[in-house]
Amino acid sequence: MEKLIYEKSQKNRKAATLPAVGVEEKELSKLLPDEFIRKVSAQLPEVSELEAMRHFVRISALNHNIEKGFYPLGSCTMKYNPKINDAMAALDGFRELHPYQPEDQVQGALQLIYELQKMISAVVGLPAVTLQPAAGAHGEMTGLLLIKAYFESKGDTKRRKVIVPDTAHGTNPATAAMLGYEVVEIKSNDRGLVDIDALKAVLSDDVAAIMLTNPNTLGLFEEDIQEVQKLVHAVGGLLYYDGANLNAIMGLVRPGDMGFDVCHLNLHKTFSTPHGGGGPGGCAVACRAHLEPFLPKPVVSKDGERYFLDWNRPQSIGKVKGFYGNFGILVRAYSYILAHGRKGLMQVSEDAILSANYLKHKLKKHFIAPHVQNCMHEFVLSGSLQKERGVSTTNIAKRLLDFGVHAPTVYFPLVVAEAMMIEPTETECKETLDQFAAIMLQIDEESKSSPDVVLNAPHTTPVGRLDEALAARKPNLRWEPATV
Ligand SMILES: *Cc1c(COP(=O)(O)O)cnc(C)c1O
């Protein structure tokens, strides 16, 4: 079959003899250096549309996705995103715009960006917003660059440190390190929250900022956030709020009201862009007025009735992304916010919190819940009890796949042994949560009565335990005809 396809493709290629642009083969050497001219045809598979379609439909069915089953991947907010928002982004008037079109022809798109900036500003309680960054980590970099530019503009060059609690998302220390800051980690206390004494011990006038993930990666709201805010501001440092998972607090509290100076939120988590597999994301970064002059340019602004791109921003940190950012994602966020309204957004968070606490309560009888207080949108369990019986968190995660459930985030955060970080999200119904709890209890039972079933899982997936290192180093991306 392979050989047949290859021979057919050679024949096709001969018949088509080189460029459609009208250059004869012998003329090519006048246009290109010899080493760049292909001596042998590219050995691409020559397949029909039907074969290609079957291939992609087949592999898409092998994959797990939110439309197929429960996906409680903590911190990633794998919730259901209403299809209406995709439909809005696919409207011809948006989809067929070209980024080089003159401003007069893209007034609608600019209006959408402008209004979305205003909406986000209202949600987080900070006056200025950029929508340029393409992901959460990218937004963190943008936010820290604002802070850096602010201190530089004041000639304050001694601030070399960024404080990061050990319950922060991993991207926080990575971002600070990437921008050349010294990362100062502080330990959390036994309630899983910022230890105020540990914070006090590292505060001095060389601190540029603290990056606070709230709720932290244990799913806990930082109860002493006002105190943290006062202490850091008192030494002249700024406060960065990692609000990637805004579905924990939206409509309930606002980072601006808590005293934060900069905040990012992931549009592809709370604001309905389907994600996973590294697809395009979007991020809003909001800040206080004193950081506004440094925002990435151009800034979408309004002059009377006309929207325009303001390039006249002498203190701007520059561009962080081409053109308007990932525009289709901005359309989805805009559509999502309009569809929910003020009350609806608040209910999103309330439901996310309710789902997580409901599940935590059901599961904590069988799995260790290291932190007793109520959680926000997610919670962390430890698989230590099961581990004592020889069944690790990895094994539990693999066994879940047999039930058509995606595994939770595992072995993170690092402060909990055998961690399982579970985020049910606001879009799951009680029946699904009950079903998941029942599956988890069954796996706990199996860890006592028939551990081999768990140790050898998964049993029902197309492939079993993969050599993940090998798969990453030597990916096999060859096309194969669908088996009938
Ligand atoms: C997802 C997440 C990030 C990073 O966002 P990306 O879009 O993956 O770069 C940062 N912080 C928290 C708390 C997150 O959950």
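For the structure, see preceding data.
Residues numbered from 1 in each chain as written. Predicted model: local features only at pLDDT ≥ 70, side-chain atom pairs only at ≥ 80, totals over all residues. Heavy atoms only, no water.

Peer 1: Would you mind showing me how to read the sheet that holds strand β3 (residues 182-186) here?
Peer 2: Within a sheet, neighbouring strands are paired by backbone hydrogen bonds and run either parallel or antiparallel to one another. Ordered by their spatial adjacency, 7 strands build an open sheet running β1-β7-β6-β5-β4-β2-β3, and the pairing between neighbours is mixed. Both edges of this open sheet fall to β1 (128-130) and β3, since each of them pairs with a single strand only. Taking each pair of neighbouring strands and ignoring which way they run, the sheet shows an average axis angle of 20°. Across 5 bridges, the pairing between strand β6 (residues 262-266) and strand β7 (residues 283-287) is antiparallel. Residue pairing in the sheet places Asn266 in a bridge with Cys283 of β7. Strands β1, β4 (207-213), β5 (238-242), β6 and β7 of the sheet are contacted by helix α7 (residues 136-153), whose axis makes an angle of about 170° with β5. Across the sheet, helix α10 (residues 225-234) touches β4 and β5, and the angle it forms with β5 is around 145°. (Pairing = 2+ DSSP bridges. Helix = DSSP H or I, 4+ residues; strand = E, 2+ residues; numbered from the N terminus. Axes fitted to C-alpha atoms, helices over the stretch in contact; angles between N-to-C directions. Contact = heavy atoms within 4.5 Å.)

Peer 1: Explain the site of the ligand here, please?
Peer 2: Of all residues adjacent to the ligand, which total 14 residues, the nearest are Gly136, Ala137, Asp242, His268 and Lys269. A distance of 2.8 Å separates an oxygen atom of the ligand from a polar atom in the backbone of Gly136. A distance of 2.7 Å is found between an oxygen atom of the ligand and a side-chain nitrogen or oxygen belonging to His268. Look at the ligand: alone it shows 380 Å² of surface, and the protein chains cover 85% of it. Take the shell around the ligand: its biggest share by element is 3 residues, from α7. Of the residues in the shell around the ligand, the class split is 3 nonpolar, 8 polar and 3 charged. (Near = heavy atom within 4 Å. Polar contact = N/O pair within 3.5 Å; in protein donor to acceptor, adjacent residues only side chain to side chain. Areas by Shrake-Rupley, 256 points an atom, 1.4 Å probe, with all protein chains shown as cover. Nonpolar A, V, L, I, M, F, W, Y, C, P; charged D, E, K, R; others polar.)

Peer 1: Explain the packing of helix α13 (residues 393-401) against helix α14 (residues 430-449) to me, please; I cannot follow it from the model alone.
Peer 2: Helix-helix packing is characterised by the crossing angle of the two axes and by the distance between the axes. Closest axis-to-axis distance for the α13/α14 pair is 11 Å, and the angle between their directions is 125°. Viewed along their axes, α13 and α14 adopt a mutual orientation that is oblique. The interaxial crossing formed by α13 with α14 has right-handed handedness. Each of Ile396, Arg399 and Leu400 in α13 lies in contact with α14, whose residues at this interface are Phe436, Ile439, Met440, Gln442, Ile443 and Glu446. Looking at side-chain class alone, the contact of α13 with α14 contains 6 nonpolar, 1 polar and 2 charged residues. (Parallel < 35°, antiparallel > 145°, perpendicular 65-115°, else oblique. Left-handed = near helix turned anticlockwise from the far one by under 90°.)

Peer 1: Help me out: how do you make sense of the packing of aromatic side chains in this one?
Peer 2: Between two aromatic rings, the relevant description is the distance of the centres plus the angle of the planes. Using the criterion set out here, one finds 8 aromatic pairs in the structure. Judged by centre distance (5.1 Å) and plane angle (65°), the ring pair of Phe70 and Phe436 falls under edge-to-face. Remark: Phe436 occurs in helix α14 and Phe70 occurs in the loop between α3 (49-62) and α4 (83-89); sequence separation between them is 366 residues. Judged by its relative accessible area of 1%, Phe436 falls in the buried class. Every member of this aromatic cluster is reached through a ring pair, and the members are Tyr150, Phe151 and Phe294. Here the guanidinium or amino end of Lys148 rests over the ring plane of Tyr181, the centre of that ring lying 5.6 Å away. (Phe/Tyr/Trp six-rings, centres within 6.5 Å; stacked < 30°, edge-to-face > 60°. Buried < 20%, exposed > 50% of the residue type's maximum accessible area, 1.4 Å probe, protein only. Lys NZ or Arg CZ within 6 Å of the ring centre and 35° of its normal.)

Peer 1: Any chance you could explain the pattern of salt bridges here in plain terms?
Peer 2: For side chains of opposite charge, pairing can occur when their charged atoms come near one another. In total, this model carries 25 salt bridges according to the counting rule given. Residue Arg306 pairs with Glu103 through a salt bridge whose shortest N-O separation is 3.1 Å. Residue Arg306 is found in strand β9 (residues 306-310), and its partner Glu103 is found in the loop between α5 (92-95) and α6 (107-124); the two are separated by 203 residues along the sequence. A residue is classified by how much of its surface remains accessible, and Glu103, at 23% relative accessible area, is partly exposed. For the salt bridge of Asp104 with Arg306, the shortest nitrogen-to-oxygen distance reads 3.4 Å. Of this pair, Asp104 sits in the loop between α5 and α6 while Arg306 sits in strand β9, and the two are 202 residues apart along the sequence. (Salt bridge = Lys/Arg side-chain N within 4 Å of Asp/Glu carboxyl O.)

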